[in-house]
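# Architecture at a glance
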2 protein chains.
Amino acid sequence: MAEVKLLGLWGSPFSRRVEMALKLKGIEYEYFEEDKKNKSPLLLKYNPVHKKVPVLVHKGKPIAESLVILEYIDDTWGDIGPPILPKTPYERAMARFWPKFIDEMCIPTLRRASWSEGDEKEKAKNEAATLLKILDVEVKGKKFFGGETLGLVDIAAGFIACWFGVMEEIVGTQILNKDEFPNLCDWIEVFNNDNFVKQNLPPRDRLVGKYEAHYQAVKQARAA
Amino acid sequence: MAEVKLLGLWGSPFSRRVEMALKLKGIEYEYFEEDKKNKSPLLLKYNPVHKKVPVLVHKGKPIAESLVILEYIDDTWGDIGPPILPKTPYERAMARFWPKFIDEMCIPTLRRASWSEGDEKEKAKNEAATLLKILDVEVKGKKFFGGETLGLVDIAAGFIACWFGVMEEIVGTQILNKDEFPNLCDWIEVFNNDNFVKQNLPPRDRLVGKYEAHYQAVKQARAA
């Protein structure tokens, strides 16, 4: 039995965060692909509270919630590979603040801006622009959110760089554009073209297929 | 100018978390009471993203979000006073998992269970019972969530021990009862009667007044 197990979903931005962190650290792990419609007994056993991926199991002990797992990886394998969190308390606080902002504010709003319709969509698009502008200002003048190297905020912001781009393509919006968000778009280019990152994002064509199916299902549910 | 400033609201469970952590560590700070309806230039300057309390300002640098601040306090003054987070990576992960669960799942649901009406209220009450049961099982056999001493999870769960009790009194519910949640009720008793905690909770009569006014406003808004 592997010492480190990961229960994930190939298309989940949250699972991918954990895979990216493990690979950044060079930690070997056994990967279990979950089935959203038929959750494994392992998932239900190891994450009884949320019943969601990702779950990291280390020496038989489960940890859920991607950001909690990322900190665990950094706490556990701090000396191995590049750091995921910076070292000074203030930088660490910023590295925690922004992923929280991304998860609690940006991701739900960007999803709503993509999948909703009519007034709700317009409202969400405006909100999305406000939130993305905040990130645009935050990353200005920096290669990565934390500075010169990939870190926690970048890994967490992967949703915006990769997943949201696919969503925009499918629903035909262009909220994230270079005119309004030049710094964030620069970061996206750096992130998506980073050799390490590239190898750890889901295959784009497969993600397009997944989100196309999702969009059709959303539209059908609305029509019903 | 004080080295440590806190922008807070006396009745906010999130501000109180930070005050509790600062006092636990014995850190001196200057406190600024905010006005929710008339936010200070200081608050807008120091938390432009959320425009919310609490904000800790240390040596001129602002940190927002109560859980981020609590970790900052522990990172910065780790050697002073009792620890807020435990030491081992797995315990730290658990100390991060539960506050997230409390903030993202419990608090919104308990608020809905209190202030809403009709079907929405019934649904929220059922959800609240499910969530509180999870916490009840988690704290079983322990004095505090982390073990023998007050820690991050307890400080975060203060909302359930103090604020929610007042809310239940005002709206006349009794979701949190000893029959269904014996362990959680034991913890609440320990928490609310802890000498240190007691001194750092808002005055109960003032909280009753605040929430009574809130409940009246909610009912008036619904009737309008």
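Definitions and cut-offs
For every chain, the first residue of the written sequence is number 1, and numbering continues from 1 onward in sequence order. Working convention: letters from A go to chains and numbers from 1 go to ligands, in the order in which they are written. A pLDDT threshold of at least 70 governs which residues receive local features in this predicted model, and a stricter bar of 80 or more applies before side-chain atom pairs are shown or counted, although totals over entire chains, interfaces and linings include all residues. For side-chain calculations, the full set of non-hydrogen atoms in the structure is used, while hydrogens and water are omitted. Inter-axis angles, ranging from 0 to 180 degrees, are taken between N-to-C directions of lines fitted to C-alpha atoms, where helices are fitted over the stretch in contact. Each helix is a run of DSSP H or I of at least 4 residues and each strand a run of E of at least 2, with the numbering of both proceeding from the N terminus. Orientation labels follow simple angle bins: below 35 degrees gives roughly parallel, above 145 gives roughly antiparallel, 65 to 115 gives roughly perpendicular, and whatever is left gives oblique. For any pair of crossing helices, the crossing counts as left-handed if the nearer helix is rotated counterclockwise from the farther one by less than a right angle, and right-handed if it is rotated clockwise. By definition in these notes, contact holds between two residues if any of their heavy atoms fall within 4.5 Å. When residue character is reported, Ala, Val, Leu, Ile, Met, Phe, Trp, Tyr, Cys and Pro are called nonpolar, Asp, Glu, Lys and Arg charged, and the others, Gly included, polar. UniProt positions are given in the numbering used here, feature names are shortened, and annotations may be inferred rather than shown by experiment. By definition, the buried area sums, over both parts, the 1.4 Å-probe accessible area that each loses when the two are put together. Throughout this description, the term salt bridge denotes a Lys or Arg side-chain nitrogen within 4 Å of a carboxyl oxygen of Asp or Glu. Residue ranges labeled as domains rest on an automatic or database domain assignment. Polar contacts, as counted here, are pairs of nitrogen or oxygen atoms within 3.5 Å of one another; within protein the pair requires one atom able to donate a hydrogen and one able to accept it, and residues that are adjacent in sequence qualify only if both atoms are side-chain atoms.

Residues and elements named next belong to chain A. Relative orientation of the contacting elements helix α3 (residues 66-76) and helix α4 (residues 89-115) amounts to 155 degrees, with a least axis distance of 11 Å. The angle between α3 and α4 falls in the class roughly antiparallel. α3 and α4 meet at a crossing whose hand is right-handed. Residues Leu 67, Glu 71 and Asp 75 of α3 pack against Arg 92, Arg 96, Pro 99, Lys 100 and Asp 103 of α4. Across the contact of α3 with α4, the residue classes tally to 2 nonpolar, no polar and 6 charged.

So, about the UniProt feature "domain: GST N-terminal" (unreviewed entry) in chain A. When the UniProt feature table is mapped onto this chain, "domain: GST N-terminal" (unreviewed entry) is found at residues 2-81 of chain A. Annotation note: span residues 2-81 of chain A, helix share 38%, strand share 21%, distance between end C-alpha atoms 20 Å.

Moving on, we come to the environment of Glu 122 of chain B. In this fold, Glu 122 of chain B is placed in helix α5 (residues 118-139). Placed 10 residues apart in sequence, Glu 122 of chain B and Arg 112 of chain B show a C-alpha to C-alpha distance of 9.6 Å.

Glancing now at the interface of chain A and chain B. One frequent convention defines the size of an interface as the accessible area lost when the parts assemble. Taken residue by residue, the interface counts 26 residues in chain A and 25 residues in chain B. Taken as a group, Val 49, Tyr 90 and Phe 97 of chain A account for 24% of the area that chain A buries against chain B, more than any other trio of residues on that side. At the junction of chain A with chain B, the criterion picks out 8 salt bridges. The partner of Glu 71 of chain B in a salt bridge is Arg 96 of chain A, with the nearest N and O atoms 3.2 Å apart. Elements that contribute at least two residues to the side of chain A that touches chain B include exactly β4 (61-64), α3 and α4 of chain A. Counting residues per element, the side of chain A that touches chain B draws most heavily on α4 of chain A, which supplies 12 residues. By residue class, the composition of the side of chain A that touches chain B is 16 nonpolar, 2 polar and 8 charged.

Those residues carrying the UniProt feature "domain: GST C-terminal" (unreviewed entry) are residues 88-211 of chain A in this numbering. The span residues 88-211 of chain A carries 75% helix and 0% strand; its end-to-end C-alpha distance comes to 39 Å.

Let us now look at the domain arrangement of chain A. Residues and elements named next belong to chain A. Examined at the domain level, chain A breaks down into domain 1 (4-76) and domain 2 (89-223). Using C-alpha coordinates to define each centre, domain 1 is positioned 21 Å away from domain 2. With 14 residues of domain 1 at the interface, the matching set in domain 2 holds 24 residues. Between domain 1 and domain 2 the total buried area reaches about 1,800 Å² when both faces are included, carbon and sulfur atoms providing 67% of it. When the buried surface of domain 1 facing domain 2 is broken down by residue, Trp 10, Arg 17 and Met 20 rank first, second and third, together holding 37% of it. Linking domain 1 with domain 2 are 2 salt bridges, by the criterion used here. Where domain 1 touches domain 2, the interface holds 5 residue pairs in polar contact (both at pLDDT 80 or more).

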